Amino acid sequence: MERESSKRDFISEAEEILEELTGDIQSLETSIQHNNVRPDLINKIFRQFHSMKGISGMLGFQKISGFTHELENMLDNLRLGKIAVSQKVVDVLFQSMDLMHGMIAELIDEQTDRIDPSPVLKKVNELIHEDQLPAQQVTFPELDLDEQTLRSLTEYEEHRLQENVNRRAQLYNVRLVLDDATFDHELREISDLLNQHGEVISTLPSFESAAGPGKMVFRLIYGTNLTAENILRKVERSDVTIGNIRKEISKTASQETEEEQEPERALDTSLKSLSRTVRVDIQKLDEVINVIGELVITRAMVANVSRELMAAEGHSRLGVTLSRVAVDLEKKLNELQRNVIETRLVPVGQIYHKLGRMIRKLSRETNKQVDLRFSGEDTELDKIMIEELSDPLMHIIRNAIDHGIENADERRKAGKPERGTIRLSAFQRGNNVVIQVHDDGRGIQIKKVQEQARKRGLLPPDRVPDEKECIEILFSPGFSSSDEVTELSGRGVGLDVVKKNISGLKGFISVQTQEGRGTMFEITLPITLAIIQALIVRVGQNKYAIPMSSISETVQIDRNDIRTVDRKEVYGLRDRTIPLIRISEAFHLPEKVRSETPYLVIVKVGEHSAGLVVDELTGQQEIVIKSMGEKLKNIPGIAGATEIGESKPVLVIDAESMVEEATHGRIRAG
Amino acid sequence: MNGDDSKLPVPATSTTVRQAELLQKLLAEESDQEVSLAVPVSIPEDQMSVLVFELGGEHYGIDIHDVAEIVRYKEPAAVPHTVDFLDGIISVRGRMIPVINGRKRLGHEPVQPDKRTRIIVLQDGSEFQGIVVDATSQVVSLFKKDIEATPPVVTGFKAEFLEGVYRHKNQLIILLHLQRFLQYV
């Protein structure tokens, strides 16, 4: 049993390593094509094979440890420059990956004879023995390095030093005086910084006492194309001194200036083609988007002026020109806006990887076998949202594994495959991105939910809620359906927090479940938060903006078709009777005349629909939601304010919170 | 004893940018009125500069350091579920600013805004707040020691808003305790 569990641990860990290795080998392949292989990449691959060898050896999986040992050997030769980095190497590495996946599958099925590694091993040996590069001399006559230092270099460091000498990089002795207490952190920081512009070949502690008590001295041997002054400027520290360790100053003054301008060029000839991306602080993008937001408003003003001009003067030449300009401006602005927003978008796949790791860990902890299926990883969402989304998604998945997926026995009895499946899919639907988490577990047990809700006082004892209400209850604060608190789910945070997070992103969440078959959580989000589509409505003298993301449809009705239930207004929309909310009442507006044919803005909140009663729909517009300051932050039913090109700002209605106020009370009151 | 006796010998170049802008605005918008230009940048400890505005025929003063700008009246958009003296929000260069009505805040009858009506925009860190006033009139420099205690004619909640009074020429300037004046939830 002990062995079983350590085997499971090994498999999941090995799968993680292999997953990462695949990515790294792919990058190695591209970097070979671009002729800019970075030593740290080879090092990383080496280390991964090394740990693979370590863990498989420890558990006695000799077939895997023996195989990885040979590969590690090859990679060691590779990083020491004894074998050239070539496509041949990459091919062998990819074949090894397949082989290792196979060997792990063997392990799962308790077999040992399906996979024969010898053909690949033969290639590995060929590489080690036949593609050996001529041995390089390891003295450095051109360097000002003392015997002691040279002796303390490892074989690998020697090789890197040689490489840098061959490449005619500048070599420096960088002396750092660091504080005892913080040296590890500072050393890493400085090394990272230096590695961006060159290569820290060796880090040597020094035992100088001159630096004084509480200080430590390090010497870095550093290869780069920067000048000493440039290094100092980059490091921006006073406790750093730099000495050149190349004896000959072979460079002419003109070369020196050329390198000043393009310090990285010689280091890496293909860097130019690769570095076509720019890292930008998301805040800067926000600023740009804000300005665009203002421009959108200005555009609306121009359009208004042109309309007024045409109304006042008929189709005068100026009026027509202005309206054409306004249309043109709109097109260009839309294009600009789309482009800028696109720069903020990142693929959903980014969180998939994170979630994948978590699912493997969870399934190990719960002893449940779970397969993971992803789709739509290319679907793009705003960077900020991706970040905000990972917690709610983790929570939903945790619930799915903890409460949804049954253990193997139970699944077998239910006639399901022993391994459970969680499917994560993302796709675009109109202006929204939809993310679904689907599990094939036992589904939400409505009965259990009811019991629990009664226990928690969320439901009066005599009331039997329907399925929809039960699902609604899942999202109420203080509800947790697990009988015993488990390590996984018993963290005091429930789906109410998930729901809050999602509404914070101007999105909403819904659930479909079928007992015995599984559950699907569906999260719908706007693609970006920066600029949203809104419907502008008029209620009496006031205009309001309602985000399109919360609107499912609009209908014009006859006021005589409005009925009441317990003096609350309702309307029969197709086969459903939905509650009506008068914005004028919700906001205590003086209401003089009620429209004979008002419009209903149908909003959907989770499982509920409700109709907001408005006098007129005045159009659809892109808006930027702005805060009204600390004091007016938490007004129910209001998300903020915006400008639509008129003299007054308009309030943005938070339809969800407005409807919630109306429907929640009803459910609780029974 | 009064502050108007002491002309402060401060060169014009040392006026802070913000105050200079403010004064320009005052001059431009209130060109029919006399505006004091004596706004020193580094006001000595024992002195202060006060923006004077009118509410219901009385003159009120607030420390000019709290003032971000003064704008012509524009109609605010009403905000529900809040205090009755909050007229709503206005937008000043894209920023949403809640605006309270100075008259209502003091318990006076509100009046129809006219061409002298202004909104004083106050800034406290990153928070902004507007006050609708009947008019802004001038900036006055005074010695703090010349501020008198509020005469005991004001009682109730309004007494809390008042810091003291200051006699300027033949005007009585009522100094507001801004923090309390602006406090509401």
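Not measured: the values here are computed from a predicted model.

1. A short note on the interface of chain A and chain B
- Each partner contributes to the interface: chain A provides 20 residues, whereas chain B provides 16 residues.
- Here the residues of the side of chain A that touches chain B sort into nine nonpolar, five polar and six charged.

2. A few points about the confidence of the model for chain B
Residue and element names in this part refer to chain B.
- The share of residues in chain B with pLDDT of 70 or more is 75%, and the mean pLDDT across the chain is 79.
- Per-element confidence in chain B ranges from a low mean pLDDT of 56 for helix α1 (residues 17-29) to a high of 94 for strand β7 (residues 127-133).
- Scored below 50 in pLDDT, residues 1-15 shows 18 contacts in the model against residues more than four places distant or in partner chains.
- Taken as a whole, residues 31-40 scores under 50 in pLDDT and shows 24 contacts with residues more than four places along the chain or in a different chain.
- Predicted as a complex, the structure gets a pTM of 0.48 and an ipTM equal to 0.79.

3. Notes on the sheet that holds strand β17 (residues 576-582) of chain A
Residue and element names in this part refer to chain A.
- What the six strands build is an open sheet, ordered β14-β18-β19-β17-β16-β15; its pairing is mixed. Edge strands, defined here as strands with exactly one partner in the open sheet, are β14 (551-556) and β15 (563-565). Averaged over all neighbouring strand pairs, the angle between strand axes comes to 40 degrees, with direction disregarded.
- Looking at chain direction, β14 and strand β18 (residues 599-605) are connected through five bridges and run antiparallel. Of the residues in β18, the one forming a bridge with valine 555 is leucine 600.

4. Remarks on the confidence of the model for chain A
Residues and elements named next belong to chain A.
- Looking at chain A as a whole, its pLDDT mean stands at 79, while 87% of the residues score no less than 70.
- Across chain A, the element-wise mean pLDDT spans from 39 in helix α10 (residues 253-261) up to 94 in strand β22 (residues 650-653).
- Low pLDDT, under 50, characterises residues 248-275; the predicted model gives this stretch 24 contacts beyond four residues in sequence or across chains.
- Note on residues 481-492: pLDDT is under 50 here. Beyond four places in sequence and across chains, it has 18 contacts.

What counts as what
Residues numbered from 1 in each chain as written. Chains lettered and ligands numbered in written order. Predicted model: local features only at pLDDT ≥ 70, side-chain atom pairs only at ≥ 80, totals over all residues. Contact = placed C-beta atoms within 7 Å. Nonpolar A, V, L, I, M, F, W, Y, C, P; charged D, E, K, R; others polar. pLDDT = per-residue confidence, 0-100. Helix = DSSP H or I, 4+ residues; strand = E, 2+ residues; numbered from the N terminus. Pairing = 2+ DSSP bridges. Axes fitted to C-alpha atoms, helices over the stretch in contact; angles between N-to-C directions.

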